[in-house]
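Read off the chains here:
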Amino acid sequence: MRFILSQRFFFDAAHTLAREIETESSRRIHGHTYHAEVWLSGARDPSTGMVVDLGHLRHALDGVRQRLDHRLLDEVPGLHPPTLENLCLFIAEALGPALGASLVRVRVWREALGDGCTLEF
């Protein structure tokens with residue numbers, strides 16, 4: 001039996017982006033509230049009753065959030081260009097050492113704009 005757990009967080013950040021459409025507004029520094037959710041899958045540990053202690057997951061997510069929140073994403077090492085796709089990958093890679101193979105999905109979206117991206121393993 002496998003269980004799937006998820007945890008959400010959000011961060012506010014600014015960025016620029018070179019695009020072929022909406023060129024002028026994208027190249028100016030502008031910001032968004034980003035939402036992110038990660039999913040873990042695994043068997044329940046019979047001694048703890050948990051796949052993973054959610055406190056450990058929240059701690060790992062807080063570390064990622066601190067690297068992104070109230071930042072200019074263009075300047076975040078390892079995140080360029082700051083697209084939704086690259087944010088998904090950045091979060092997955094940042095969590096990899098702490099969560100390993102249990103990480104099965106990362107989603108990043110901007111609620112106000114109605115767009116998002118999901119990375120699945």
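Residues numbered from 1 in each chain as written. Predicted model: local features only at pLDDT ≥ 70, side-chain atom pairs only at ≥ 80, totals over all residues. Heavy atoms only, no water.

**What to know about unusual backbone geometry**
Most peptide bonds adopt trans geometry, and most residues besides glycine take a negative phi value.
Next, step 1: Residue Pro 81 is bonded to the preceding His 80 through a cis peptide linkage, with omega at -10°.
Next, step 2: The residue Pro 81 is located in the loop between β3 (71–72) and α3 (84–99) in this model.
Next, step 3: For His 70, which is not glycine, the phi dihedral falls at a positive 55°.
Next, step 4: Mapping His 70 onto the fold places it in the loop between α2 (54–68) and β3.
Next, step 5: Residue His 70 is classed as exposed on the basis of its relative accessible area, which comes to 63%. (Helix = DSSP H or I, 4+ residues; strand = E, 2+ residues; numbered from the N terminus. Buried < 20%, exposed > 50% of the residue type's maximum accessible area, 1.4 Å probe, protein only.)

**Notes on the nonpolar core**
Next, step 1: Ranked by size, the top nonpolar core spans 27 residues in total, and within it Leu 68, Ile 91 and Leu 95 carry the most contacts.
Next, step 2: Breaking this core down by element, the ones donating at least two residues are β1 (3–15), β2 (30–42), α2, α3 and β4 (103–110).
Next, step 3: Among all residues touching Leu 68, those that are not within four sequence positions of it are Phe 11, Asp 12, Ala 13, Leu 73, Val 76, Leu 79, Leu 87, Phe 90 and Ile 91. (Core = buried A, V, L, I, M, F, W, Y, C linked by side-chain atoms within 4.5 Å. Contact = heavy atoms within 4.5 Å.)

**Some points on the layout of surface pockets**
Next, step 1: Here the largest pocket defines a volume of roughly 250 Å³.
Next, step 2: If you go around the largest pocket, you meet 16 residues; those closest to its centre are His 15, Arg 19, His 30, His 32 and Arg 110.
Next, step 3: Listing elements by their share of the lining of the largest pocket, those giving two or more residues are α1 (23–27), β2 and α3.
Next, step 4: Sorting elements by how many residues they give to the lining of the largest pocket places β2 first, with three residues.
Next, step 5: The residue inventory of the lining of the largest pocket, partitioned by class, reads five nonpolar, six polar and five charged. (1 Å grid on protein atoms, 1.4 Å probe; cavity = no way out; pocket = protein on both sides within 12 Å on 5 of 7 lines; lining within 4 Å. Points joined across faces, edges and corners; volume = space filled by probe spheres on them. Nonpolar A, V, L, I, M, F, W, Y, C, P; charged D, E, K, R; others polar.)

**Focus: the sheet that holds β3**
Next, step 1: Pairing is mixed in the open sheet, where five strands are placed in the order β3-β1-β2-β4-β5. Two strands bound the open sheet, and with one partner strand each, they are β3 and β5 (115–120).
Next, step 2: Across six bridges, the pairing between β4 and β5 is antiparallel. Across the sheet, Arg 107 pairs through a bridge with Thr 118, a residue of β5.
Next, step 3: Where α2 meets the sheet, its contacts fall on β1, β2 and β3, and the angle it forms with β1 comes to roughly 15°.
Next, step 4: Taken strand by strand, α3 contacts β1, β2, β4 and β5, and its axis lies near 145° from that of β4. (Pairing = 2+ DSSP bridges. Axes fitted to C-alpha atoms, helices over the stretch in contact; angles between N-to-C directions.)

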